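# Coordinate analysis (summary)
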Amino acid sequence: SLVSRKLRTVTPHQDRHFEVSTFNLSHPILFVFGPGDAETRGKISVDTNGMSLYRRPAPLLVAGMDLIAFPILRSLSIVGGQLDFVMKDLHDKYGDVVRFNPDDLSFISAQAWKDIYGFGHAELPKYFPSFSGFNGQNIISAKGSDHFRFRRAMLPAFTDKSLAQQEPIIASYVDLLMTRLREVADSEKPTNIIRWYNYTTFDLIGDLAYGESFKGLEEGKSNGWLDNISNMLKLMPILALMTVSPTIAHLDNAASLAMKRINRTDQRDRGDFMDAMMRAKGQKHELTDAELIHNADLLITAGSETTATLLSGVTYWLLRTPETLERVTKEVRAAFDKEEDITFKEASTRLPYMLACLHEGLRIFPPIPLVMLRQTNPGLPTPIAGYSTKVGVHQYATFHSSTNFAYPSEFRPERWLPEAETDSSSPFFNDNRECHKPFSFGPRDCIGRNLAYHEMRIILARILWNFDLEMGEGMLGWERQKIFGIWEKPPLMVKVRRRADKVKEEVKS
Ligand code: HEM
């Protein structure tokens, strides 16, 4: 990653020297380190040809602030759930690179995705905060060859063949969700839709990892397991959670579920997560039992909360913009006469507008809104001027930037329709779609992306097929919530009614 490093001292500025170094990403970046006056401190200079120096205005928040004081402010923003919004404002003001900590740089450009996370260069190692207790035993936190081994073992679970095997398992949970929502509709009381999305995604991912459900949908209420996970999620950002050493009690639980599944011969060749990982036994990329336990546990967190968050965000934005809700509902009902025809395959070909709604949801309400930091100078024996540097693309700031997207704070699914890319009169013609990478990018991108799309498509399509939805009282402004690594997600109350035209048909017959 650090192909060339040239330490130089730039011309003294107001009697101060600055140490700078050139990093060879595809646009070399010149960092200015060290203490400085209010004008120069925190400035990031981008040196596109290795010679000339373009100064970018430094964020005032950083520039005018003592380097020691700023991390405190940053911590306050994190505690207040505002950091991601502050980052967006800083990018709006200062452009596509912002130094938001003495040693952290945030980017919002498509090129930065490629340079930081992409293929074609040595991988920049992930940065994990020290509190995460990073154990390296699961795929998210593993380094180099371990990561490669885990990913290789997991990949067979995400092929089209395995997804086809998993479809009936997933569909059985969506069936149960429909049953529960019909009961909700008949009760005529608004419901917190987030609860139902959480039960569904946790139950089905639990089944794919452990061969058994967490029973949220079956019991229609939370239980020890779900509470345990949701409490942990409230306490810390999802990425930290994925890398943190779990509590002994949690690990005991996860270990006993995983071992039970490992020993169940009747579930062999089920095409689920454990099946794939166990097929690696006896091969070079085999996983130990401890690694199987940690990775199954990780898949639960990575695969459920994310998908449930996106479904919650899309539901809110559809309710908030009735014209989009009407259009997507019409599309689903016109595409399918019978609910049982809503399968992975058919839902992925017949519902282009719904897909655009999901893309737009992933832009306006990204399940992982934060920055996934990488380190640029791992090879350095000593950090430069006392600092090593972390870089990352900040998802929320990138997806909400008006330099990347027209009307960034509006839910406009049509920006993702193919015609927006070809019709120069479309307001979204110049949208920078390459910036939109909610599943990250490169060798460590989301392995579950296709599964997530299938899940989100059949859950949303079947809800829209069966029910008429309306926003509950007092929900306007739900999107203005805090982000603690993940969205706070206060209750989203929705009025769910059985689809009016079907009710009429039933009454007639
Ligand atoms: C809307 C849904 C989802 C979103 C937005 C999402 C997003 C992401 C992102 C941004 C990463 C990169 C994390 C990092 O660099 O540290 C990631 C990694 C990962 N995701 Fe997802 N994800 C989703 C659903 C899923 C599902 C359904 C699964 C599987 C059940 C899954 C499994 C994983 C795994 C195993 C990794 C680690 C991959 C690796 O390190 O090689 N995700 N996801």
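Keep in mind that this is a model prediction, so the values were computed, not measured.

### Here we look at the overall build of the protein chain
Counting its regular elements, the protein chain contains 20 helices and 14 strands. Taking the intrachain contacts of the protein chain between residues at least 6 apart in sequence as the baseline, contacts between residues at least 24 apart amount to 69%.

### Regarding the sheet that holds strand E11 (residues 467-471)
What holds strands together in a sheet is hydrogen bonding between their backbones, with the strands either parallel or antiparallel. Taken in spatial order, the 3 strands make up an open sheet running E8-E14-E11, and their pairing is antiparallel. Both edges of this open sheet fall to strand E8 (191-192) and E11, since each of them pairs with a single strand only. Inspection of the sheet shows E8 paired to strand E14 (residues 493-498) by 2 bridges, in the antiparallel sense. Across the sheet, the residue bridging to Thr191 is Val494, located in E14. Against the sheet, helix H6 (residues 160-187) makes contact with E8, E11 and E14, and its axis sits at roughly 95 degrees relative to E14, the strand it touches most. Along the sheet, helix H13 (residues 289-320) contacts E11 and E14; its crossing angle with E11, the most-contacted strand, is approximately 80 degrees.

### Concerning the packing of aromatic side chains
Per the counting criterion, the structure on display carries 16 aromatic pairs. Summarising the aromatic geometry, the rings of Tyr210 and Phe214 are spaced 6.4 Å apart at their centres and angled 70 degrees between planes, so their arrangement reads as edge-to-face. For Tyr210, a relative accessible area of 1% corresponds to the buried category. Judged by relative accessible area, which is 6%, Phe214 ranks as buried.

### Thoughts on helix H4 (residues 110-117)
Most of H4 is tucked away: 6 of the 8 residues are buried. If you check which residues of H4 are buried, you get Ala110, Ala112, Trp113, Asp115, Ile116 and Tyr117. Of the surrounding secondary structure, the elements contacted by the buried residues of H4 are strand E7 (104-107), strand E9 (374-375), strand E10 (390-393) and helix H17 (395-399).

### Brief notes about the pattern of salt bridges
Considering all chains together, one arrives at 36 salt bridges under this definition. The shortest N-O distance in the salt bridge between Arg320 and Glu479 comes to 2.8 Å. Of this pair, Arg320 sits in helix H13 while Glu479 sits in the loop between E11 and strand E12 (483-484), and the two are 159 residues apart along the sequence. A salt bridge links Glu410 to Arg412; its shortest N-O distance comes to 2.8 Å.

### Section: the site of the ligand
Taken together, 30 residues surround the ligand, and among them Lys126, His147, Arg151, Pro438 and Cys446 come closest. At 2.6 Å, a side-chain N or O of His147 approaches an oxygen atom of the ligand. At a separation of 3.5 Å, a nitrogen atom of the ligand approaches a polar backbone atom of Ala302. Among the secondary structure elements, those contributing two or more residues to the shell around the ligand are helix H5 (144-154), H13 and helix H19 (449-466).

### Thoughts on helix H16 (residues 352-364)
End to end, H16 covers 18 Å across 13 residues, agreeing with the expected 18 Å (1.5 Å per residue, within 8%). Within H16, 11 of the 13 residues are buried, which leaves it mostly tucked inside the rest of the structure. At its buried positions, H16 is contacted by H13, helix H14 (322-335), H17, H19 and strand E13 (486-487).

### Side note on the coordination of the iron atom of the ligand
Just one protein ligand coordinates the iron atom of the ligand, and it is Cys446 (SG) at 2.3 Å. Considering the arrangement of structural elements, one finds Cys446 in the loop between helix H18 (418-422) and H19.

### Concerning the packing of H6 against H19
Contact geometry for H6 and H19: axes closest at 10 Å, N-to-C directions at 35 degrees. In this structure, H6 meets H19 at a crossing whose hand is right-handed. Contacts between H6 and H19 involve Leu163, Gln166, Ile170, Ala171, Val174, Asp175, Leu177, Met178, Leu181 and Arg182 on the former and, on the latter, Asn450, Leu451, His454, Glu455, Ile458, Ile459, Arg462, Ile463 and Asn466. Each residue belonging to the contact of H6 with H19 can be placed in one class, and the counts come to 11 nonpolar, 4 polar and 4 charged.

### Remarks on the sheet that holds E7
With mixed pairing, the 4 strands of this open sheet are ordered in space as E6-E7-E10-E9. The outermost strands of the open sheet, each flanked by one partner alone, are strand E6 (97-101) and E9. When E7 meets E10, the two strands line up parallel, connected through 4 bridges. Counted as the bridge partner of Asp104 is Lys390 from E10. Contacting E6 and E7, helix H3 (residues 83-94) crosses the sheet at an angle of about 140 degrees to E6. Its contacts with the sheet place H4 against E7, E9 and E10, and it is angled at close to 130 degrees to E10.

### Quick look at unusual backbone geometry
Although it is not a glycine, Glu188 sits at a positive phi angle of roughly 60 degrees. By secondary structure assignment, the location of Glu188 is in the loop between H6 and E8. Phi at Asp269 is positive, roughly 60 degrees, even though this residue is not glycine.

### What about the confidence of the model for the protein chain?
The pLDDT averaged across the protein chain works out to 82; a share of 77% of its residues lies at or above 70. In the model, residues 1-70 has pLDDT below 50 throughout and makes 156 contacts with residues more than four positions away in sequence or in other chains. At the level of chain-chain contacts, confidence expressed as ipTM amounts to 0.99, with global pTM at 0.85.

### Remarks on the side chain of Arg149
Its location among the elements puts Arg149 in helix H5. Of the polar contacts made by the side chain of Arg149, one reaches the side chain of Asp146; its length is 2.9 Å. A polar contact is formed between the side chain of Arg149 and the side chain of Glu291, at a distance of 2.8 Å. The residues contacting Arg149, other than those within four sequence positions of it, are Lys284, His285, Glu286, Leu287 and Glu291.

How each quantity is defined
Residues numbered from 1 in each chain as written. Predicted model: local features only at pLDDT ≥ 70, side-chain atom pairs only at ≥ 80, totals over all residues. Heavy atoms only, no water. Helix = DSSP H or I, 4+ residues; strand = E, 2+ residues; numbered from the N terminus. Contact = heavy atoms within 4.5 Å. Pairing = 2+ DSSP bridges. Axes fitted to C-alpha atoms, helices over the stretch in contact; angles between N-to-C directions. Phe/Tyr/Trp six-rings, centres within 6.5 Å; stacked < 30°, edge-to-face > 60°. Buried < 20%, exposed > 50% of the residue type's maximum accessible area, 1.4 Å probe, protein only. Salt bridge = Lys/Arg side-chain N within 4 Å of Asp/Glu carboxyl O. Near = heavy atom within 4 Å. Polar contact = N/O pair within 3.5 Å; in protein donor to acceptor, adjacent residues only side chain to side chain. Expected span 1.5 Å × (residues − 1). Donors = N, O, S within 2.8 Å, 3.2 Å for Na, K, Ca; no water. Left-handed = near helix turned anticlockwise from the far one by under 90°. Nonpolar A, V, L, I, M, F, W, Y, C, P; charged D, E, K, R; others polar. pLDDT = per-residue confidence, 0-100.

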